[in-house]
Amino acid sequence: MDAIEVKDLSKSFEGLKAVDSVSFSVHTSEIFGFLGPNGAGKTTTVRMLTGVIKPDSGEARVMGRDIESETKRVKEVLGVLPETANAYPDLTAWGNLMLIASLYGIPRREGERRATTLLKEFGIYERRSSKVKGFSKGMKQRLMLSMALVSDPEVLFLDEPTSGLDVQSARAIRQRIKELQEESKTVFLTSHNMQEVGELCDRVGIINKGKMVTVDSPEHLRTRIGGSVAVEVRLDRAVDLSRLDFKVERAGDTYRIYTTEPHDVIRAIVGFATLNGLKILSLNVQPPSLEDVFVKLTGGSNGQ
Amino acid sequence: MGSKIWAIARKDIQMYYFKGPVVIFGVLFPLFLFLAFYIGRNLPAAFLIPGLVAMTIFFTSTSVSPVIMPWETQMRTLERLISCPVTVRTLIVGDILASFIFGTCISAVPVAVGVALGVSVKSPVILAIAVILAAFCFSALGLLFSAPPTSLVSNIMMLSTFVKFPVIFISGIFIPVDQMPGWGVAVASLSPLTYFTDLARYAIQGYAYYPLYADFAALFVYAALFLFLAVRLHERALPKRF
Ligand SMILES: Nc1ncnc2c1ncn2[C@@H]1O[C@H](COP(=O)(O)OP(=O)(O)O)[C@@H](O)[C@H]1O
Ligand SMILES: [Mg+2]
């Protein structure tokens, strides 16, 4: 059984198809990246899968439970870090965690034990008795992640968890996401950050204008876009490489040539260097970045 | 279920009891209204106290519950809350409970003032049951005010004041129902507050306009109706709040 199964899920807002017949599945214990430009329909998808809003049509199951007919049972197995939600500003960090723990029906003692562990782990234990309204954005987000984890859920929905955070908080959150996989949790992660997705995710689904574009592993995605790679070369003198029959980009002292035939390019460069008495300082072949893939598949609108 | 309701109510108590609009509309407002009515008129305390209790319970019980939903919409705390395994019914009942506790506790103040002024409560049990039923009924009414999915607390407070003000004047607080003209009695019978005021007069002054069972039945029916409507309307409004 897959942890999340989605079939033809759709949702419109006043005639705008925010999510348009989306289908995919997420395997158990996998980190699944959900990538798409702003307004692509990521948050709407997360909200439907977490039982916050109802889909117009289609169906989905989380851990085998139907999101419409078994909404409450779905909510019991998942933890959520919504994109735009806040903790209660006039409650303390501790109060917020205990509220969530009670709403999941966790006995008080057990809730307190988990809250202590989580707050220590995220470096906010010393501030547990302070009201959340005094917290920095990074601290608030670490608290929100603690709140998502306090019920020890099997599936986690993290909607842009590191967006707009300081480097340290973002790193702490990324680190924790990696550990979740070791604990056999399933993670559904939406993100803008290609590097983050490439680094963390086993598979990536790309959504654009409400439609699913593709689902694949980051490695496959990189090799899939026309098989094009970048050959990068640095020479000891500035020269006009455009005499070669390739399209050359120059960035600083590095020349970059995009090609589907790296073999031919490298031979031509080596021949050219030998002929002109140039010294090759470095030469390497770069697979396309996830960003290249993303831009190509979504028509160039990253939305950042 | 019970512990989830209590968790919601406790959150509400910590978040909302000391919010500006709650203190203004729930405590200061009935106090000033009462003073405005009382000062310069020579009325016996036994007549005034039931009216004061009625006004207090009506304003306090309807002051916490309408604030919660618009405020949470604005602060964006609702999405996290309803991602938890709780139903809208649990949320609503928790909100009503917080409002109910506020209403009953503050309503004890005018009763205590009355006793201090030498007014005797002839039927304390009737008064206690009436307070409990009325606080629940008006807390649920307060949640009806907040059914429009807005994030503006001030709009909801304006709406609720528009409804609450006339109710105070038609519910036998300033003019007892038995002194009203026929059309006045007809209008008064529509207001749930009329039945509480009647019970309070019975418990303190010793006589009521309606039979006791009719007062209790009316309060109970209104409470059930408001609760039912509050759950229905908020279930529909909730997805529009984020
Ligand atoms: N509650 C709503 N009411 C109206 N339109 C909405 C609502 N939520 C989302 N949308 C619209 O649906 C589209 C998808 O939004 P969203 O799911 O938030 O995208 P993403 O999370 O990928 O940025 C956007 O065009 C957005 O404006
Ligand atoms: Mg989003």
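Okay, so let's go over this structure.

Cut-off values and rules
- Residues numbered from 1 in each chain as written.
- Chains lettered and ligands numbered in written order.
- Predicted model: local features only at pLDDT ≥ 70, side-chain atom pairs only at ≥ 80, totals over all residues.
- Heavy atoms only, no water.
- Helix = DSSP H or I, 4+ residues; strand = E, 2+ residues; numbered from the N terminus.
- Buried < 20%, exposed > 50% of the residue type's maximum accessible area, 1.4 Å probe, protein only.
- Contact = heavy atoms within 4.5 Å.
- Areas by Shrake-Rupley, 256 points an atom, 1.4 Å probe, with all protein chains shown as cover.
- Lys, Arg positive; Asp, Glu negative; His and termini not counted.
- Charge placed at Lys NZ, Arg CZ, Asp CG, Glu CD.
- Donors = N, O, S within 2.8 Å, 3.2 Å for Na, K, Ca; no water.
- Pairing = 2+ DSSP bridges.
- Axes fitted to C-alpha atoms, helices over the stretch in contact; angles between N-to-C directions.
- Parallel < 35°, antiparallel > 145°, perpendicular 65-115°, else oblique.
- Nonpolar A, V, L, I, M, F, W, Y, C, P; charged D, E, K, R; others polar.

1. Looking at the overall build of chain A
1) Next: Secondary structure assignment for chain A yields 10 helices and 14 strands.
2) Next: Expressed along its principal axes, the backbone C-alpha trace of chain A runs to roughly 80 × 45 × 35 Å.
3) Next: Considering chain A as a whole, with its 304 residues, one finds that 52% of them fall into the buried category.
4) Next: Sequence-distant contacts in chain A: of pairs separated by 6 or more residues, those separated by 24 or more amount to 66%.
5) Next: Entry remark: accessible area of chain A is about 13900 Å², with carbon and sulfur atoms responsible for 47%.
6) Next: Taken together, the 42 basic and 41 acidic charged side chains of chain A have centroids lying 5 Å from each other.

2. Some words on the coordination of the magnesium ion (ligand 2)
Residues and elements named next belong to chain A.
1) Next: Within the protein, the atoms that donate to the magnesium ion (ligand 2) are Thr43 (OG1) and Glu83 (OE), at distances of 2.0 to 2.2 Å. Highlighted residues: Thr43 in helix H1 (residues 42-49) and Glu83 in the loop between strand E6 (78-81) and helix H3 (93-103), separated in sequence by 40 residues.
2) Next: On the basis of relative accessible area, Thr43 is assigned to the buried category, the value being 17%.
3) Next: For Glu83, a relative accessible area of 36% puts it in the partly exposed group.

3. Notes on the pairing of strand E11 (residues 229-235) of chain A
Residue and element names in this part refer to chain A.
1) Next: Within E11, 6 of the 7 residues are buried, which leaves it mostly tucked inside the rest of the structure.
2) Next: Examined bridge by bridge, E11 and strand E13 (residues 254-259) share 6 bridges and lie antiparallel to one another. In the sheet register, Val231 faces E13, and the bridge partner there is Ile257.
3) Next: Looking at chain direction, E11 and strand E14 (residues 280-286) are connected through 6 bridges and run antiparallel. Its bridge partner lying in E14, Leu235 is registered against Ile280.

4. Focus: the packing of helix H1 (residues 2-16) of chain B against helix H3 (residues 45-75) of chain B
How two helices pack is summed up by the angle between their axes together with the distance between the axes.
All names here are of chain B.
1) Next: Two elements in contact, H1 and H3, have axes whose closest approach is 11 Å; the angle formed by their N-to-C orientations is 90°. The angle between H1 and H3 places the two elements in the roughly perpendicular class. From H1, Lys11, Asp12, Met15 and Tyr16 reach across to H3, where they touch Val64, Val67, Ile68, Trp71 and Glu72.
2) Next: Residue composition of the contact of H1 with H3, by class: 6 nonpolar, no polar and 3 charged.

5. Thoughts on the sheet that holds strand E4 (residues 57-62) of chain A
Residues and elements named next belong to chain A.
1) Next: Strand order in the open sheet formed by 4 strands is E2-E1-E4-E5, with antiparallel pairing between adjacent strands. In the strand order of this sheet, the two ends are held by strand E2 (16-26) and strand E5 (65-66), each with one partner.
2) Next: Inspection of the sheet shows strand E1 (residues 4-13) paired to E4 by 5 bridges, in the antiparallel sense. Of the residues in E4, the one forming a bridge with Ile4 is Val62.
3) Next: Those strands touched by H1 are E1, E2 and E4, and its axis lies near 120° from that of E1.

6. As for the sheet that holds E14(A)
Residues and elements named next belong to chain A.
1) Next: The 4 strands lie next to each other as E12-E13-E11-E14, forming an open sheet whose pairing is antiparallel. What marks the edges here is a single partner per strand, and that holds for strand E12 (248-251) and E14. Averaged over neighbouring strand pairs, the angle between their axes works out to 20° when direction is ignored.
2) Next: Inspection of the sheet shows E12 paired to E13 by 4 bridges, in the antiparallel sense. Looking at the pairing, Glu249 lines up with Arg256 of E13.

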